[in-house]
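Each chain is listed here by its residues.
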Amino acid sequence: MTKKTKNKGKFRQKLVDKYRLVILNEDTFEEKISFKLTRLNVFVLGSLFSIFLIVGTIFLIAFTPLKEYIPGYSSTKLKKDATKLVYKVDSLEQELKKNDIYIKKIKELLTGKITEEQFDKDSVLVPVHYDKDTMNINPSEADLEFRQEVESADRFSIFNEATKTVDIVFFAPVNGTITDGYNLKNKHFAVDIAVKMGTPVKSVADGTVIFAEWTAETGHVIIVEHAQGFISIYKHNTALHKHQGDLVKSGEVIASAGNTGEFSTGPHLHFELWNEGYPVNPVNFIDFE
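The structure reproduced in this document is the subject of the present report. (Residues numbered from 1 in each chain as written. Predicted model: local features only at pLDDT ≥ 70, side-chain atom pairs only at ≥ 80, totals over all residues. Heavy atoms only, no water.)

**What to know about the overall build of the protein**
- Helix and strand counts for the protein come out as 6 helices and 12 strands.
- When burial is assessed residue by residue, the protein has 25% of its 289 residues classed as buried.
- Across the protein, every contact between residues at least 6 apart in sequence was considered, and the portion connecting residues at least 24 apart equals 57%.
- Of the roughly 20,900 Å² that the protein leaves accessible, carbon and sulfur atoms contribute 59%. (Helix = DSSP H or I, 4+ residues; strand = E, 2+ residues; numbered from the N terminus. Buried < 20%, exposed > 50% of the residue type's maximum accessible area, 1.4 Å probe, protein only. Contact = heavy atoms within 4.5 Å. Areas by Shrake-Rupley, 256 points an atom, 1.4 Å probe, with all protein chains shown as cover.)

Shown next, in the form of structure tokens:
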């Protein structure tokens, strides 16, 4: 026990024993620099220097561009660019898929690959056989107001060139200010007409409803097929009043204008007019003011 205590005492004494580190000129033995050191001081200073060196190295590798020179590490700029490209490619793939589906369906619809809605013609003619004496043919107040509105509306285009080659007269779906016109360069195959929320949207001519559904981008959409290869498209509606397969007359209310869909920027009607599978400028056929 006494021997162990003596050994501990000697070890502690060695740690605090003072030594002198002297730097001499080898030729003249002139003392240049001298330091007083103990083993404990050397151990502490060595440990601190090692810790500082390790921390500094980690900091340089983790938070400075120096790590790019170490094999296995890629450039920070390259990582950022690669990440941005991945997001862009993913977004473009999603948009391409949506556009491909949209274009495919529109082409099939406009080129006639999709068959017209089949309906029972006999059921359409059934009202003809009704006994007119038992039917209530008196118009309601709403019907009278609508008739007056139709009679006072301008149903004829002011453009002479529209009537030279087309034997069909189009009724304005709504009346208002055109905020965005037909533009082939920007692929805007329509006119946007600013209207109040809930404004009645009317069919531009007699026809059959071939599409009446909700879409995320353009809200409530209704498409009507007319004679001579014409198709009219009405988007961003707040409500639809007709269903697929319904027969509509010129000037008949088919929807209510609104502000639905991701692409809508305010209450308006996005109106497209197609002929034989190609878009045409609606302003050449209809007066919207």
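Once the structure has been displayed, the description carries forward.
**Re the pairing of strand 1 (residues 18–24)**
- Judged from the 7 bridges that link them, strand 1 and strand 2 (residues 31–38) form a sheet pairing that is antiparallel. In the strand pairing of strand 2, Lys18 is matched with Thr38.
- Between strand 1 and strand 2, which pair antiparallel and follow one another directly, the connecting turn spans 6 residues, one of which, Phe29, has a positive phi of 55 degrees. (Pairing = 2+ DSSP bridges.)

**Remarks on the packing of aromatic side chains**
- In the structure shown here, the tally under the stated rule is 6 aromatic pairs.
- Taking 5.1 Å as the distance between ring centres and 70 degrees as the angle between the ring planes, the aromatic pair formed by Phe170 and Phe230 counts as edge-to-face. Residue Phe170 is found in the loop between helix 6 (160–165) and strand 3 (177–180), and its partner Phe230 is found in strand 8 (residues 230–240); the two are separated by 60 residues along the sequence. Each member of the pair, Phe170 together with Phe230, is buried.
- Aromatic side chains Phe230 and Phe285 sit 5.8 Å apart centroid to centroid with 70 degrees between the ring planes, which places their arrangement in the edge-to-face category. In this pair, Phe230 sits in strand 8 while Phe285 sits in the segment after strand 12 (278–280), placing the two residues 55 residues apart along the sequence. Each member of the pair, Phe230 together with Phe285, is buried. (Phe/Tyr/Trp six-rings, centres within 6.5 Å; stacked < 30°, edge-to-face > 60°.)

**So, the environment of Ile286**
- Examined against the element boundaries, Ile286 turns out to sit in the segment after strand 12.
- On the accessibility criterion, Ile286 (2% relative accessible area) is buried.
- Between the C-alpha atoms of Ile286 and Ala172, which are 114 residues apart in sequence, the distance is 5.9 Å.

**A few points about the side chain of Ser256**
- Relative to the elements of secondary structure, Ser256 occurs in strand 10 (residues 253–257).
- The class for Ser256 is buried, based on a relative accessible area of 12%.
- When neighbours within four sequence positions are excluded, Ser256 is seen to be in contact with Gly198, Thr199, Val201, Asn237, Thr238, Ala239 and His241.

**Side note on the pattern of salt bridges**
- Within this structure, the stated rule accounts for 4 salt bridges.
- A salt bridge links Lys235 to Glu272; its shortest N-O distance comes to 3.1 Å. Linking Lys235 in strand 8 with Glu272 in strand 11 (residues 268–275), this pair joins segments that are 37 residues apart in sequence. For the residue pair Lys235 and Glu272, the accessibility class agrees, reading buried in each case. (Salt bridge = Lys/Arg side-chain N within 4 Å of Asp/Glu carboxyl O.)

**Some remarks on unusual backbone geometry**
- Positioned with a positive phi, Lys187 is a non-glycine residue whose angle comes to about 55 degrees.
- Structurally, the position occupied by Lys187 is in the loop between strand 3 and strand 4 (191–194).
- The class for Lys187 is exposed, based on a relative accessible area of 65%.
- In this structure, Gln228 takes a positive phi of about 60 degrees despite not being glycine.
- Its place among the elements puts Gln228 in the loop between strand 7 (219–225) and strand 8.

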